[in-house]
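Each chain, written out:
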Amino acid sequence: MAVLETRGINLEIEGSKILNGLTAEFWSGYVHAVIGPNGAGKSSLAGTIMGLKRYRKIEGQILFDGEDITDLTADKRAERGITMAWQEPARFEGLKVHKFIGCGNNNSSRKKIAAVLEKVGLEPEEYIDRAVDDTLSGGERKRIELASILLMQPRLVLLDEPDSGIDVGALEKIFDAIQYMKDQGITVILITHSMTVLNHADHAFLLCDGKIIDKGTPEKIGRFFREKCMPCRDHDAHEIKEEK
Amino acid sequence: MTTDIVDNLYKSLGGVCRPTSEDEAHIEVHGNKVVGANLVEGLEVDVREKTRSVEADFVLKEGTVLKGPVILCFGLLNRQGQQKIELDISIEKGAEADFQAYCTFPNARDVLHEMDAQITVGENARYSYFERHIHGQSGGVNVVPRANVEIKQGGRFATEFELIRGAVGRIDIDYNIDCHAYGVFEMLARISGRNDDEIIITEAGHLLGEESRGVLTSHIAVQDRASAVVNNELIANAAFSRGHVDCKEIVQDEAVARAVPIVEVNHPRAHVTHEAAIGSVDSKQLETLMSRGLSEEAAVDLIIEGMLS
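Residues numbered from 1 in each chain as written. Chains lettered and ligands numbered in written order. Predicted model: local features only at pLDDT ≥ 70, side-chain atom pairs only at ≥ 80, totals over all residues. Heavy atoms only, no water.

Here we take up the overall build of chain B. A tally of helices and strands in chain B yields three helices and 19 strands. A compact globule built from 309 residues would reach a C-alpha radius of gyration of about 19 Å, and chain B, at 20 Å, matches this within 12%. Within the span of chain B, comprising 309 residues, buried residues form 53% of the whole. Carbon and sulfur atoms make up 44% of the accessible area of chain B, which totals about 12,900 Å². Within chain B, one finds 29 positive and 50 negative side-chain charges whose respective centroids are separated by 1 Å. (Helix = DSSP H or I, 4+ residues; strand = E, 2+ residues; numbered from the N terminus. Rg over C-alpha atoms; globule rule 2.2 N^0.38 Å. Buried < 20%, exposed > 50% of the residue type's maximum accessible area, 1.4 Å probe, protein only. Areas by Shrake-Rupley, 256 points an atom, 1.4 Å probe, with all protein chains shown as cover. Lys, Arg positive; Asp, Glu negative; His and termini not counted. Charge placed at Lys NZ, Arg CZ, Asp CG, Glu CD.)

This is the structure we're talking about:
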């Protein structure tokens, strides 16, 4: 059963067509991947589903649990259970980790915050009172952002390039968190161009020029993506990386 | 009677800063009347009530290291009135002290609070001064703090000014610092203005001696029709002196902010940098918090709270 539907989404920014009649159904409790080359419109799709300001002027419809949420702002969509993690998480000067993580849950406590920090592989004592600023690496901020999502207990999570800027050890923690979300029945949409990330999905969409051009198993979509979408150099580099 | 006033002053500050031990030095001043005091060994204090001011001289004797902070509680509980504090603070060679000043004007409609301070930080001495203001919501306070600070060789001076609770009203800070060889100073102002608040910060730091160091930092948030002008000046005159000016201002609604950082280097081996960032709340920060369910207004408040923390 689809928890989220996009129907004929058209998005144009500064005269460029970004999403082009995009229609898709995201089934409840699944880990979906949206894969595609750079510039395909993946992050714009995530922003459109989340209702970010830049992506609000669209044609078409977005349904969440059958409710039309097209005109809702990001905070109203979050109230209904949609949330998002960015490719490059924001820095918040002076804002403490515990305050940031706790802001999406009215019943947060230090104990609960410590628990979600542990889930993403960060030592609570070391991080809970630090600021979410540039004293933390991009990878640390990414995991803190994920911890904030875990505490929020959403129904649908958009993860934009969850592996970018993450070292190999930390990547396992990210994948563990994705599996944990799936076990909790949370629908996950992975926005990616990485085969490694794709392999953690149950179902995949191939996005090109703002359109879904294929969907199916990650193996099928991955094969097509590798053979048809990735430029040779990227393809070779990727294969070398995958073999490692 | 004076006990009631002291109680009410601390109550208006939330009570948390009230000294609890006999070992802590403190002075409470309501308007231009001294209403409470406790002194400790090694700290000489001479307080004189004048018609329109209170003069207080503090001398921390050479080599004395105070265990706890010296608490200064200044305020006026009346709606109208004037308070002027004239401070002369001398931290002698090798001495160390932390002063915390809490200034409260909870009912102000038309109140003038002035402070004139002459501060001397002796050779290899250390002095930190934290000042927190808590105002009512009416904005009827005019705060005018002035200070001249001299930091002798190897001395260290740190000051922090905070006004983030209640309406600013008008504040006009003017600090001047002369820092001699191997001396260090850090100045931080954190102020949040709303409605028609007016914020003026003028700070001048002079790095006069070799290897002296100085940082001037201002974090200001203005909303509604509030205005802020930050004039930070750092002048380096000696070899290996180093300085930095940092001004961050968040502007919302019809508020106006201006930063005028001036850096001047008069020695080829000195180095001074500055950065100023003025603008609205970062959109990615805002969207991140909104995607956790915070309204735009709550998200802005949290971002500002972080910047001013």
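This paragraph deals with the pairing of strand 3 (residues 43-49) of chain B. All names here are of chain B. Direction of pairing for strand 3 relative to strand 4 (residues 54-60): antiparallel, over a ladder of seven bridges. Bridge pairing in strand 4 links Val47 to Ala56. Taken together, strand 3 and the strand that follows it, strand 4, pair antiparallel across an intervening segment of four residues. (Pairing = 2+ DSSP bridges.)

Before going further, it helps to examine the packing of helix 2 (residues 283-290) of chain B against helix 3 (residues 296-308) of chain B. All names here are of chain B. It is the contact of helix 2 with helix 3, at a shortest axis distance of 9 Å, that shows an interaxial angle of 120°. Here helix 3 runs oblique to helix 2, going by the angle between their axes. Along this stretch, helix 2 crosses helix 3, giving a crossing that reads as right-handed. Contacts between helix 2 and helix 3 involve Gln285, Leu286, Leu289 and Met290 from the former and Glu296, Ala299, Val300, Leu302 and Ile303 from the latter. Within the contact of helix 2 with helix 3, the residues separate by chemical class into seven nonpolar, one polar and one charged. (Axes fitted to C-alpha atoms, helices over the stretch in contact; angles between N-to-C directions. Parallel < 35°, antiparallel > 145°, perpendicular 65-115°, else oblique. Left-handed = near helix turned anticlockwise from the far one by under 90°. Contact = heavy atoms within 4.5 Å. Nonpolar A, V, L, I, M, F, W, Y, C, P; charged D, E, K, R; others polar.)

Here a ring pair, both rings aromatic, is described through the centre-centre distance and the interplanar angle of the planes. Residues and elements named next belong to chain A. This model, assessed by the stated rule, comprises eight aromatic pairs over all chains. Judged by centre distance (4.9 Å) and plane angle (55°), the ring pair of Phe26 and Phe205 falls under tilted. Highlighted residues: Phe26 in strand 2 (residues 16-27) and Phe205 in strand 9 (residues 203-208), separated in sequence by 179 residues. Under the relative-accessibility criterion, Phe26 is labelled buried at 0%. (Phe/Tyr/Trp six-rings, centres within 6.5 Å; stacked < 30°, edge-to-face > 60°.)

This part covers the interface of chain A and chain B. Residue-level contacts link 28 residues of chain A with 20 residues of chain B. Run the count over chain A and chain B and you get four salt bridges. Of the charged contacts in the structure, one is a salt bridge between A:Lys53 and B:Glu296, with a shortest N-O distance of 3.5 Å. There are ten residue pairs in polar contact (both at pLDDT 80 or more) connecting chain A and chain B. (Salt bridge = Lys/Arg side-chain N within 4 Å of Asp/Glu carboxyl O. Polar contact = N/O pair within 3.5 Å; in protein donor to acceptor, adjacent residues only side chain to side chain.)

Further remarks concern the environment of B:Asp4. The residue B:Asp4 is located in helix 1 (residues 2-12) in this model. Looking at B:Asp4, the relative accessible area reads 44%, which means it is partly exposed.

Take the nonpolar core next. With 96 residues, the main nonpolar core has A:Ile101, A:Leu117, A:Leu159 and A:Met181 as its most contacted residues. Not counting residues up to four positions away in its chain, the partners in contact with A:Leu117 are A:Val97, A:Ile101, A:Leu122, A:Pro124, A:Tyr127, A:Ile128, A:Ile144 and A:Ala147. (Core = buried A, V, L, I, M, F, W, Y, C linked by side-chain atoms within 4.5 Å.)

Oppositely charged side chains may form a pair once their charged atoms are brought near each other. On inspection of all chains with the given rule, the structure shows 32 salt bridges over all chains. A:Glu93 is the salt-bridge partner of B:Lys248, the closest N and O atoms lying 3.8 Å from each other. Taken as a pair, B:Lys248 in strand 17 (residues 242-251) and A:Glu93 in the loop between strand 6 (82-85) and helix 3 (97-102) lie in two separate chains rather than in one. Residue A:Glu93 is classed as partly exposed on the basis of its relative accessible area of 30%. Where B:Asp246 meets B:Lys248, a salt bridge forms, and the shortest distance between an N and an O atom there is 3.4 Å. With a relative accessible area of 11%, B:Asp246 lands in the buried category. A single network of salt bridges, built from pairs that share partners, joins B:Asp46, B:Arg48, B:Glu55 and B:Asp57.

So, on to the packing of helix 6 (residues 138-152) of chain A against helix 7 (residues 168-183) of chain A. Residues and elements named next belong to chain A. For the pair helix 6 and helix 7, the least separation of the axes is 11 Å and the interaxial angle reads 15°. Taken together, the axes of helix 6 and helix 7 are roughly parallel relative to one another. The hand of the helix 6/helix 7 crossing is left-handed. Across the interface between the two elements, Arg143, Leu146, Ile149 and Leu150 of helix 6 pack against Ala170, Lys173, Ile174, Ala177, Tyr180 and Met181 of helix 7. For the contact of helix 6 with helix 7, the residue count by class is eight nonpolar, no polar and two charged.

Another point: the sheet that holds strand 15 (residues 213-222) of chain B. Sheet strands pair via backbone hydrogen bonds, and the direction of the pair is either parallel or antiparallel. Residue and element names in this part refer to chain B. Here we have ten strands laid out as an open sheet, ordered 2-1-5-7-9-11-13-15-17-19, and mixed in their pairing. Unpaired on one side and paired on the other, strand 2 (33-38) and strand 19 (271-279) mark the two borders of the sheet. The mean inter-strand angle of the sheet, taken between neighbouring strand axes irrespective of direction, is 10°. As paired strands, strand 1 (residues 26-30) and strand 5 (residues 70-75) are joined by five bridges and run parallel to one another. Looking at strand 5, one finds that Glu28 is bridged to Cys73. Sitting on the sheet, helix 3 touches strand 11 (156-165), strand 13 (184-193), strand 15 and strand 17, and the angle it makes with strand 15 is about 160°.

Our next topic: the sheet that holds strand 3 (residues 31-35) of chain A. Residue and element names in this part refer to chain A. Reading across from one edge, 6-7-8-3-9-10 is the order of the six strands in this open sheet, with mixed pairing throughout. Edge strands, defined here as strands with exactly one partner in the open sheet, are strand 6 and strand 10 (211-216). The mean angle between the axes of side-by-side strands here comes to 20°, regardless of whether they run parallel or antiparallel. Sheet topology note: the strand 3/strand 9 ladder contains four bridges and is parallel. From the neighbouring strand, His32 faces strand 9, where its bridge partner is His203. Contacting strand 6 and strand 7 (156-160), helix 6 crosses the sheet at an angle of about 170° to strand 6.

The next subject is the environment of B:Ser128. All names here are of chain B. Note that Ser128 resides in strand 9 (residues 126-135). Note on Ser128: relative accessible area 18%, which makes it buried. With 31 residues separating them along the chain, Ser128 and Ala97 place their C-alpha atoms 6.6 Å apart. Not counting residues up to four positions away in its chain, the partners in contact with Ser128 are Ala97, Asp98, Phe99 and Ala158.

Residues and elements named next belong to chain A. Inspection of helix 9 (residues 218-229) places Pro218, Ile221, Gly222, Phe225 and Cys229 among the buried residues, and these make up the whole buried set. Seen end-on, helix 9 carries its buried residues on one side only, within an arc spanning 100°. Within helix 9, the exposed residues directed more than 90 degrees away from the buried face are Glu219, Glu227 and Lys228. Those residues of helix 9 that are buried lie in contact with strand 3, helix 8 (195-198), strand 9 and strand 10. (Arc of directions from axis to C-beta.)

This is a description of form; function is not addressed.
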